Amino acid sequence: MHDAAAGRSTTRWREIPPTAGLPLRWHDFVPRPDASLERGFASFIGTPSVQVECSGSAALIVALETLKRGSARRSVVIPAYTCPLVPLAIAHCGLRPVACDLADGHFDMCPRTLEGLCDSDTLAIVPTHLAGRVADVESALRVARRVGAAVIEDAAQALGATWHGEPVGTFGDVGFYSLAAGKGLTLYEGGVIVARDAELRAALHRTSREIVPAGRLWEARRLLELAGYAMFYRPSWLQLAYGVPLRRALRRGKLIEATGDDFSANIPLHRVGAWRKQVGANALKRLPGSLALLAEQAASRKTRLAAIPGVSVAGDSPGRHGVWPFFLVLMESEGKRDAALARLWMSGLGITRLFAHALVDYPYLARHFGTVHTPNARTFAARMLTISNSPWLADEDFEQVCAVLDECARA
Ligand SMILES: *Cc1c(COP(=O)(O)O)cnc(C)c1O
């Protein structure tokens with residue numbers, strides 16, 4: 001590393017996480033009889049009840065298996081740029097993922113393309129609230145109503161975001177959130193399902209009872225991993241847990257590993273134990289305060305970033321209030337984005353890509369998509385980088401990042 005910003009931070013043994021996750025405290029591990037993750041979560045988003053599963057992907061699997069039981073439809077339409085676990089979860093259920101190209105320069109599915117892809121085989125459409133932003137659920141609902149499909153809102157990255165004052169995840173037939181490490185509130189791995197309709201909620205519970213085994217070994221492992229998160233999720237230790245493996249992957253040119261996209265098709269299904277739920281319930285009490293703090297920091301930093309010519313930052317249109325785990329930044333070309341990443345990715349300042357590629361460009365997903373073309377998703381992946389909104393990223397470090405972006409955008 002010959003860059004000043006990068007060199008300095010790697011020598012001072014400090015690593016900013018790429019997203020602003022909610023840190024745990026050791027007393028979160030002390031069970032409290034009054035704390036229930038389900039009740040706390042339901043009251044946080046204002047729904048009658050929620051269902052906890054062992055990951056966001058597991059939540060999606062339970063939702064899809066439930067919908068599948070009442071229908072002969074077999075395809076599920078998803079954005080062509082999203083978490084690779086989404087098509088893996090769909091395939092896990094024996095269903096067919098259909099990648100819908102994005103609107104130009106935006107994370108939302110193109111409404112016209114969506115319209116054309118949906119038909120009498122469409123079981124569900126999955127609008128996705130990426131990067132804490134609020135997705136276009138309206139188009140999905142409109143098309144879904146026309147073809148008789150369900151809408152599953154993927155709010156894995158957007159717990160706490162609202163649209164016209166109502167929480168995202170609650171507009172479709174089903175919504176789910178992820179409690180994976182780095183997504184905000186975390187159980188290390190976990191997921192939450194919500195559904196508007198009481199009958200559907202009952203069916204989701206039934207499916208879960210039928211297809212999710214106890215899996216006590218998995219639960220023991222996750223509890224240890226959660227303790228590891230409590231230990232390592234701080235700037236002084238994160239270099240060991242995140243920075244060192246990241247830089248090793250980058251030096252070897254392993255992009256999919258560097259972005260953490262090296263997922264397995266074997267998605268574990270098991271019950272979340274009472275202790276881990278208690279930890280989540282305790283941490284949840286700090287979530288509203290944490291989200292407010294992040295929103296405040298984001299307001300000024302977003303303005304600063306958007307003032308850099310040739311750099312745009314995903315924001316919220318009127319009526320939408322997203323959350324701010326990180327900034328999703330688009331540069332004018334792949335070349336400029338790559339130049340910026342070459343200087344910032346290894347810097348320890350919390351710069352990365354969200355997902356490495358458009359879905360169709362992951363070798364391990366190729367068999368699900370064949371030769372589908374999603375040019376906007378590909379361009380989006382190529383022009384994008386993310387900047388952490390962690391409160392541990394100091395103002396002067398953020399300024400360094402802006403300076404590098406400014407230089408690269410002008411070049
Ligand atoms: C992380 C993520 C998922 C999957 O959630 P897990 O808890 O990691 O299984 C699904 N969709 C999106 C958009 C995600 O970011």
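Analysis parameters
- Here, residues in each chain are numbered from 1, in the same order as that chain's written sequence.
- Two thresholds apply to this predicted model, a pLDDT of at least 70 for residue-level local features and 80 or more for giving and counting side-chain atom pairs, whereas whole-chain, interface and lining totals are computed over all residues.
- Hydrogens and waters are ignored; side-chain quantities use all the structure's heavy atoms.
- One heavy atom suffices: a residue is near a molecule or strand as soon as one of its heavy atoms comes within 4 Å of it.
- Any N or O atom pair separated by 3.5 Å or less is treated as a polar contact, with the protein-specific requirement of one donor-capable and one acceptor-capable atom, and with residues adjacent in sequence counted only for side-chain atom pairs.
- Method for areas: the Shrake-Rupley scheme with a 1.4 Å probe, in which residue coverage is limited to the protein chains shown.
- Each helix is a run of DSSP H or I of at least 4 residues and each strand a run of E of at least 2, with the numbering of both proceeding from the N terminus.
- Under the grouping applied here, Gly and all other residues not named as nonpolar or charged are polar, the nonpolar ones being Ala, Val, Leu, Ile, Met, Phe, Trp, Tyr, Cys and Pro and the charged ones Asp, Glu, Lys and Arg.
- Two rings from Phe, Tyr or Trp (for Trp, the six-membered ring) form a pair when their centres sit within 6.5 Å of each other. Planes less than 30 degrees apart are called stacked, planes more than 60 degrees apart edge-to-face, and all others tilted.
- Only protein chains enter the calculation, and the probe is 1.4 Å; a residue is then buried if its accessible area is under 20% of its type maximum, exposed if over 50%, and partly exposed in between.
- Counting as a charge over the ring demands two things of the Lys NZ or Arg CZ atom: a distance within 6 Å of the ring centre and an angle within 35 degrees of the ring normal.
- These domain boundaries are the output of an automatic or database domain assignment.
- What makes two residues a contact is simply this: any of their non-hydrogen atoms within 4.5 Å.
- The term buried area denotes the loss of accessible surface (1.4 Å probe radius) that occurs when two parts are joined, taken as the sum for both partners.
- By salt bridge we mean one thing: a side-chain nitrogen of Lys or Arg within 4 Å of a carboxyl oxygen of Asp or Glu.
- Two strands form a pair only when DSSP identifies at least two bridges running between them.
- The term nonpolar core refers to a set of buried residues drawn from Ala, Val, Leu, Ile, Met, Phe, Trp, Tyr and Cys, joined through side-chain atoms within 4.5 Å.

Participant: Could you give an account of the site of the ligand, with specific residues and numbers?
Facilitator: The immediate surroundings of the ligand are formed by 16 residues, with Gly 56, Ser 57, Asp 154, Ser 178 and Lys 183 found nearest. The separation between an oxygen atom of the ligand and a polar side-chain atom of Gln 157 is 2.8 Å. Protein chains bury 95% of the 380 Å² of accessible surface belonging to the ligand in isolation. Elements with a contribution of two residues or more to the shell around the ligand: α3 (56-69) and α4 (85-92). In terms of residue class, the shell around the ligand is made up of 6 nonpolar, 8 polar and 2 charged.

Participant: An account of the packing of aromatic side chains is needed here, citing residue identities and associated values.
Facilitator: Across all of its chains, the model carries 10 aromatic pairs by this definition. For the ring pair Trp 163 and Phe 171, a centre distance of 4.7 Å and an interplane angle of 65 degrees mean the geometry is edge-to-face. According to the relative accessible area criterion, Phe 171 is buried, its value standing at 18%. Connected via pairs of aromatic rings, a cluster forms that spans Tyr 81, Phe 355 and Phe 380. Lying over the aromatic face of Trp 324, Arg 133 brings its terminal NZ or CZ to 3.6 Å of the ring centre.

Participant: Can you lay out the domain arrangement of the protein chain for me, pointing to particular residues and giving the numbers?
Facilitator: Examined at the domain level, the protein chain breaks down into domain 1 (2-18 + 285-410) and domain 2 (26-211). Placing the centre of domain 1 and that of domain 2 at their C-alpha centroids yields a distance of 24 Å. On the side of domain 2, 41 residues touch domain 1, which itself brings 36 residues to the contact. Taken over both partners, the interface formed by domain 1 and domain 2 buries close to 3,100 Å², and the fraction arising from carbon and sulfur atoms is 64%. If you sort the residues of domain 1 by the area they bury against domain 2, Arg 320, Phe 355 and Leu 359 come out on top, with a joint share of 21%. Run the count over domain 1 and domain 2 and you get 2 salt bridges. The salt bridge involving Asp 28 is made with Arg 286; its shortest N-O contact spans 2.8 Å. Joining domain 1 to domain 2, the criterion identifies 13 residue pairs in polar contact (both at pLDDT 80 or more). Of all the secondary-structure elements, those providing two or more residues to the side of domain 1 that touches domain 2 are α12 (287-306), β11 (320-321), β12 (326-331), α14 (366-369) and α15 (375-383). Of the residues that constitute the side of domain 1 that touches domain 2, the class distribution is 24 nonpolar, 8 polar and 4 charged.

Participant: Tell me what's going on with the sheet that holds strand β7 (residues 166-167), and back it up with residues and numbers.
Facilitator: Here we have 3 strands laid out as an open sheet, ordered β7-β6-β11, and antiparallel in their pairing. The strands lining the two open edges of the sheet, one partner per strand, are β7 and β11. Here 2 bridges tie strand β6 (residues 162-163) to β7, and the two strands are oriented antiparallel to one another. Opposite Thr 162, over in β7, you have Pro 167 as the bridge partner.

Participant: Talk me through the nonpolar core; I want residue IDs and the actual numbers.
Facilitator: Of all hydrophobic cores here, the largest spans 112 residues; its most connected members are Phe 41, Tyr 81, Leu 114, Ile 152 and Leu 185. Broken down by element, this core gets its largest block of residues, 8 residues, from α3. Two domains each donate at least three residues to this core, and these are domain 1 (2-18 + 285-410) and domain 2 (26-211). Apart from residues no more than four positions distant in its own chain, Tyr 81 is found in contact with Leu 102, Leu 130, Leu 354, Phe 355, His 357, Ala 358, Ala 377, Phe 380, Ala 381 and Met 384. Judged by nonpolar contacts, the second largest core, of 31 residues, contains Ala 249, Ala 298, Leu 344 and Cys 402.

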